[in-house]
Amino acid sequence: MRERIRQGLFLLDGAMGTELIARGVEAGVCNDYLNIESADIVGDVYRSFLLAGSDAVLTNTFGANKYALSRHGFADKVREINTAAAEIARQAAGEKKYVLGDIGPTGDFLEPLGELKADELKDAYAEQAAGLLAGGVDGFIIETMTALDEITIAIEAVKSVCGQAPVFASMAFDKAGDDFRTMMGVDVESAVAKIVPLGVEAVGFNCGKMLLNEYVELAKKEVLAIRAASSEVTVLAEPNAGKPELIDGKAVYKVLPDDFAAAVGKIHSAGVNIIGGCCGTGPAHIEAAARKLR
Ligand SMILES: [Zn+2]
């Protein structure tokens, strides 16, 4: 996969959650457990993104760490859920397309801010990564992170079990005055300075709640910071389908596929080679992006 990434544009998939809901899954259920319970639905989402032009799909395991799963009573199912998820994605992607094991935040804070202990957190991420690896992933994406200590531990944990497999690391930024910061106050330069030396294949951003032109601005900033730190690391971006509107208490994303494609065209021109979509992006957005970028 590393060689393929370095050839240029590498297109990821779009949002899993909204596609599951579109297939009848109720909001609020444990999406990760669907890998065990409804493998056919999860597989169908992958096939729709691959058909749209994705080079790689992300496993349906965003919340499949011990801590997030414990909120649904599935803390003892980490291995099973992650392996099943990777197998479903592998089957959909075949041998010609790629599967990235998806790792999201725990939703808790490390000591002293919260109660997570660094060594226990590292064990938890290593457990998740081992499950994904057993199911046949090609690499990993650690995403939507907001705290530097948590993303650092996640990267170290994944690298402790994954051998030479590529690891991507992504944080969720929002506009903060003239700058961009994560919810925990991390700016782009601090993130890049901390993450690049850890030996990851790609660094970038995903999610956030921004307008498309703000994502383009963030991409330019990210490329500048990463190029100053390394000529090897690939830049990655998975913007949302713009900023959500709150309708009847639900976040609704209204950006049309062609507008999303125009924005990721600018993001690619800025020097970002790994591109996908986060919240609100469906197969139509990925298809429009593929048409625009290829
Ligand atoms: Zn998102």
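Residues numbered from 1 in each chain as written. Predicted model: local features only at pLDDT ≥ 70, side-chain atom pairs only at ≥ 80, totals over all residues. Heavy atoms only, no water.

Think of an α-helix as 3.6 residues a turn; residues three or four steps apart then line up on the same face. Inspection of helix H12 (residues 283–293) places Pro283, His285, Ile286, Ala288, Ala289, Ala290 and Leu293 among the buried residues, and these make up the whole buried set. Tucked inside the fold, the buried residues of H12 contact strand S1 (10–11), helix H2 (17–22), helix H4 (39–52), helix H11 (257–269) and strand S12 (274–275). (Buried < 20%, exposed > 50% of the residue type's maximum accessible area, 1.4 Å probe, protein only. Helix = DSSP H or I, 4+ residues; strand = E, 2+ residues; numbered from the N terminus. Contact = heavy atoms within 4.5 Å.)

To continue, consider the sheet that holds strand S8 (residues 202–206). Two orientations exist for strands paired in a sheet by backbone hydrogen bonds: parallel and antiparallel. Spatial ordering of the open sheet is given by S1-S12-S9-S8-S5-S4-S3-S2, a layout of eight strands whose pairing is parallel. Pairing within the sheet leaves two strands with one partner each, and these edge strands are S1 and strand S2 (56–58). Bridge count for strand S9 (residues 234–238) against S12 is two bridges, and the pairing is parallel. Residue Ala237 lies in a different strand from S12, and its bridge partner there is Ile275. Across the sheet, helix H6 (residues 78–93) is in contact with S2 and strand S3 (98–103); its angle to S3 comes to roughly 155°. (Pairing = 2+ DSSP bridges. Axes fitted to C-alpha atoms, helices over the stretch in contact; angles between N-to-C directions.)

It is worth spelling out the side chain of Ser230 at this point. Structurally, Ser230 is set in the loop between helix H10 (212–229) and S9. Taking relative accessible area as the criterion, Ser230 reaches 13% and is therefore assigned buried. In this structure the side chain of Ser230 is engaged in a polar contact, spanning 2.9 Å, whose partner is the backbone nitrogen of Glu232. (Polar contact = N/O pair within 3.5 Å; in protein donor to acceptor, adjacent residues only side chain to side chain.)

A few words on the coordination of the zinc ion. Around the zinc ion, the protein contributes the donor atoms Cys207 (SG), Cys278 (SG) and Cys279 (SG), which lie 2.2 to 2.3 Å from the metal centre. Mapping the donors of the zinc ion onto the primary sequence yields the spacing C-x70-C-C. Highlighted residues: Cys207 in the loop between S8 and H10 and Cys279 in the loop between S12 and H12, separated in sequence by 72 residues. Take Cys279: its relative accessible area is 25%, and that puts it in the partly exposed class. (Donors = N, O, S within 2.8 Å, 3.2 Å for Na, K, Ca; no water.)

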